[in-house]
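# Close look at the chain arrangement
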Amino acid sequence: MNPQRPDNEAAYNFAYLDEQTKRMIRRAILKGLAIPGYQVPFASREMPMPYGWGTGGVQISAAVLTPEDRFKVIDQGADDTTNAVSIRAFFQRTADVETTTRTAEATVIQTRHRIPEQALTEGQILVYQVPIPEPLRFLEPRETETRRMHGLRDYGLVHVKLYEDIARHGHIATAYAYPVLVEGHYVMDPSPIPKFDNPKLSDNPAIQLFGAGREQRIYALPPYSDVVSLDFEDHPFEPSKADHPCGLCGAEDSYLDEVIVDDAGGRLFVCSDTDYCETRRAQGFRGKDAA
Amino acid sequence: MNSDRALLSVRGLTKRYGAHVGCADVAFDLYPGEVMGIVGESGSGKSTLLGCMAGHLAPDSGQVIFDTRAAGPRDILTMSEPERRMLTRTDWAFVHQHARDGLRMGVSAGGNVGERLMAVGARNYGAIRARVADWLERVEIDAGRIDDRPATFSGGMQQRLQIARNLVTGPRLAFMDEPTGGLDVSVQARLLDLLRGLVRDMGLSAVIVTHDLAVVRLLADRLMVMKSGRVVETGLTDQVLDDPQHGYTQLLVSSVLQV
């Protein structure tokens, strides 16, 4: 890749980060792809946004974007929320890349807490923003110990957490950031996606990259990785969603947001993936609440 | 398994903390079903020795040979970390003096006991729970408290819970570090009674470190007396306590208050 040199020396480098930093991040990404599910430490940079707003995802996007890419950002499935709009605008300004809201047309998709409903294809890159990359963090506070546990595949504790769920709630109540086993070795936190999206992690043709800026970790799933959601034999993993069709497009297979619409207990269930919902409505599908 | 063969053989075990000696040149054999008591005053190296044998501390020299189920006698100090971890949660138990060190206080009693089962691959919730309930009963904890956190348990119950958590995988060797320390006498008596029953029923071998001579009198077949990191006297428990030979053992025995 030959980055465009800015005319003005004071201007930002292509996609904000300097080339040395991007090289460093790309090395971490390659290592992550070589060892699926392994958390690679990297020297996370200060970004012009607060930690927790997707600094890890933004750094990965900056490292993988080329001038020919078409970029999409979603936040909880939506293209039009603050976080999505500002990150999209950020790369429009610093990289001058084309942007889109259409999942099928995008080559790089940065996402917070969702995997698009539309199936991804080979050649696409899905970049996740990760708040806490360590799936064992709330079970074992010592970093030295969690690393050893990963190295030795010592994952009994993850099942203790699921056991506690069943003991307390009668079923596995973990609904997001549901732990997965990657390629039979590493247990991975899939970032706070709903467990409805977990099956899409596995055997996905797209490259999936996970960036945690504050925690300084990158991990990755190469295309067609085997990803298994952990469970018990007698309490199998079940992807769950609200038991309604979308109020706007009538879809019954998509993940839904619940929106309170008045003070009288009125509520509306709509697709959390705005692109999916709009595409369906353009095709003429109508839900019961569509105006 | 051969009952003529030692379950655990310790040879020349030495651990130094700089110039200070933790324990020096300790050697003994422990046979299946046997309980070995290690007594001595604070700082005599009892806990260091126990830590070295259980793999918590790295000794400077010596061997700790354990008769593994799969491969016969192996030196655990030269084992790989995964092998040693597997051993520590299948064939070994470690009971800490403070139950809080050995329990996960944020996890329910059932989760605490079930952890070892899940760590060795149990994946059936119903089966895990049934075994946990069975074990809670064996250590005299009401099965109705299976979902309560250990923080809501009394000290004696916490200690019994820790024992259940350790014995659930049916280990052959238990290391116990002052298992009755910090408990009042009536609770101690019940705990000792329980331990004695479990050791007998399961054919468990144990190494018990304590400064309480009454505990070893009740539980231990053999006794090892330590002072300043060295073993000064060994023998059958009754023999050592009733006819102490070494000056320090005599002092120790005569220091017990008679009520």
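Residues numbered from 1 in each chain as written. Chains lettered and ligands numbered in written order. Predicted model: local features only at pLDDT ≥ 70, side-chain atom pairs only at ≥ 80, totals over all residues. Heavy atoms only, no water.

## Here we look at the sheet that holds strand β9 (residues 222–227) of chain B
All names here are of chain B. Put simply, the rule reads: DSSP calls a pair of strands paired once it identifies at least 2 bridges connecting them. In this text, helices come from DSSP runs of H or I with a minimum length of four residues, and strands from runs of E with a minimum of two, each type numbered from the N-terminal end. The convention used is that axes are lines fitted to C-alpha atoms, helices contributing only their stretch in contact, and that angles between N-to-C directions extend from 0 to 180 degrees.
In space, the six strands of this open sheet follow the order β6-β7-β8-β3-β9-β10, with mixed pairing throughout. At either end of the open sheet lies a strand with only one pairing partner, and these are β6 (92–95) and β10 (230–236). The sheet shows a mean angle of 15 degrees between the axes of neighbouring strands, direction not considered. Relative to strand β8 (residues 205–210), strand β3 (residues 35–39) is paired through five bridges, and the arrangement is parallel. Residue Met-36 lies in a different strand from β8, and its bridge partner there is Val-207.

## Details of the environment of Gln283(A)
All names here are of chain A. As a reminder of what qualifies: Remark: exposure states derive from per-residue accessible area (1.4 Å probe, protein chains only) relative to the maximum for the residue type, with buried under 20%, exposed over 50%, and partly exposed in between.
The topology assignment puts Gln-283 in the segment after α7 (274–282). For Gln-283, a relative accessible area of 56% gives the class exposed. A C-alpha to C-alpha distance of 33 Å links Gln-283 and Val-64, two positions 219 residues apart in sequence.

## Notes on the domain arrangement of chain B
Residues and elements named next belong to chain B. Inclusion rule: Where each domain begins and ends is defined by an automated method or by a domain database. Buried area counts how much accessible surface, traced with a 1.4 Å probe, disappears from two parts once they are put together, with both parts' losses summed. Here a salt bridge means any side-chain nitrogen of Lys or Arg lying within 4 Å of a carboxyl oxygen belonging to Asp or Glu. As used in this structure description, the phrase polar contact means that two N or O atoms lie within 3.5 Å; if the pair is within protein, one of them must be able to donate a hydrogen and the other to accept it, and residues adjacent in sequence are counted only when both atoms belong to side chains. We call Asp, Glu, Lys and Arg charged. Ala, Val, Leu, Ile, Met, Phe, Trp, Tyr, Cys and Pro are nonpolar, and the rest, Gly among them, are polar.
Along its sequence, chain B is organised into domain 1 (1–91 + 173–259) and domain 2 (101–170). Inter-centroid distance (C-alpha atoms) of domain 1 to domain 2 is 25 Å. Between domain 1 and domain 2, a total of about 1400 Å² is buried, with carbon and sulfur atoms accounting for 66% of that surface. Looking only at domain 1, the three residues that lose the most surface to domain 2 are Arg-89, Leu-194 and Met-202, adding up to 35% of its buried area. Taken together, domain 1 and domain 2 are joined by one salt bridge. In this structure, the salt-bridge partner of Arg-190 is Glu-140, at a minimum N-O distance of 3.3 Å. Between domain 1 and domain 2 we count seven residue pairs in polar contact (both at pLDDT 80 or more) in total. Listing elements by their share of the side of domain 1 that touches domain 2, those giving two or more residues are α2 (81–90) and α7 (185–202). In terms of residue count, the dominant contributor to the side of domain 1 that touches domain 2 is α7 (seven residues). Counted by class, the side of domain 1 that touches domain 2 contains 10 nonpolar, two polar and four charged residues.

## Some thoughts on the layout of surface pockets
Put simply, the rule reads: Grid spacing is 1 Å over the protein atoms alone, the probe is 1.4 Å, and a cavity is where that probe fits but cannot get out, while a pocket is an open set with protein on both sides within 12 Å along at least five of seven lines and lining residues have an atom within 4 Å of a point. Grid points are joined across faces, edges and corners, and a volume is the space filled by probe spheres set on the points.
Reported here for the largest pocket is a volume of approximately 1400 Å³. What lines the largest pocket is a set of 42 residues, and nearest its centre among them are Arg142(A), Glu145(A), Arg104(B), Glu115(B) and Arg165(B). Among the residues making up the lining of the largest pocket, the classes are represented as 19 nonpolar, seven polar and 16 charged. Roughly 350 Å³ of volume is contained in the second largest pocket. Considering the residues around the second largest pocket, the lining is formed by 16 residues, among which Phe138(A), Lys161(A), Tyr176(A), Ala177(A) and Asp189(A) are closest to the centre. When grouped by side-chain class, the residues that make up the lining of the second largest pocket number 11 nonpolar, one polar and four charged.

## Notes on the interface of chain B and chain A
Just so we agree on the cut-off: In what follows, residue pairs with any heavy atoms lying within 4.5 Å of each other are defined as contacts.
Opposite the 22 residues of chain B that make contact, chain A presents 21 residues. Note on chain B versus chain A: buried area summed over both sides is about 1800 Å², and carbon and sulfur give 56% of it. The three residues of chain B that bury the most area against chain A are Arg85(B), Arg123(B) and Tyr125(B), which together make up 40% of that side's buried surface. Put simply, chain B and chain A have three salt bridges between them.

## So, the packing of helix α5 (residues 156–169) of chain A against helix α5 (residues 125–138) of chain B
Using the following cut-off: Note that the term roughly parallel is reserved for angles under 35 degrees, roughly antiparallel for angles over 145, roughly perpendicular for angles of 65 to 115, and oblique for everything else.
One way to put it is that α5(A) packs onto α5(B) with a least axis distance of 12 Å and a crossing angle of 80 degrees. It follows from the interaxial angle that α5(A) and α5(B) lie roughly perpendicular. Packed against α5(A), whose contacting residues are Tyr163(A), Ile166(A) and Ala167(A), the element α5(B) presents Tyr125(B), Ile128(B) and Arg129(B) at the interface. Each residue belonging to the contact of α5(A) with α5(B) can be placed in one class, and the counts come to five nonpolar, no polar and one charged.

## A few points about the environment of Asp75(A)
Residue and element names in this part refer to chain A. Here Asp-75 lies in strand β2 (residues 70–75). Through-space distance from the C-alpha of Asp-75 to that of Arg-26 is 24 Å; in sequence the pair is 49 residues apart. Residue contacts for Asp-75: discarding those within four places in its chain leaves Thr-81, Asn-83, Ala-84 and Arg-112. Separated by 3.2 Å, the side chains of Asp-75 and Thr-81 make a polar contact. Polar side-chain contacts of Asp-75 include one of 2.4 Å to the side chain of Arg-112.

## Side note on the nonpolar core
For clarity, the threshold we go by: What makes a nonpolar core is a set of buried Ala, Val, Leu, Ile, Met, Phe, Trp, Tyr and Cys residues whose side-chain atoms join them at distances within 4.5 Å.
The biggest cluster of nonpolar side chains holds 68 residues, and the ones touching the most others in it are Tyr163(A), Phe232(A), Val113(B), Trp135(B) and Leu161(B). Per-element accounting of this core gives the leading share, seven residues, to α5(A). Taken domain by domain, this core gets at least three of its residues from each of domain 1 (1–91 + 173–259) and domain 2 (101–170) of chain B. Beyond its immediate stretch of four places on either side in the chain, Trp135(B) contacts Val113(B), Ala164(B), Leu167(B), Val168(B), Leu198(B) and Met202(B). Within the second largest apolar cluster, 31 residues are counted, among which are Leu17(A), Ala84(A), Ala95(A) and Ile218(A).

## As for unusual backbone geometry
If you check the backbone angles, Asp203(A) has positive phi at about 55 degrees while not being a glycine. Looking at the element boundaries, Asp203(A) is found in the loop between α6 (198–201) and β8 (207–212). According to the relative accessible area criterion, Asp203(A) is exposed, its value standing at 52%. For Glu140(B), which is not glycine, the phi dihedral falls at a positive 65 degrees. When you line up the elements, Glu140(B) lands in the loop between α5 and α6 (155–167).

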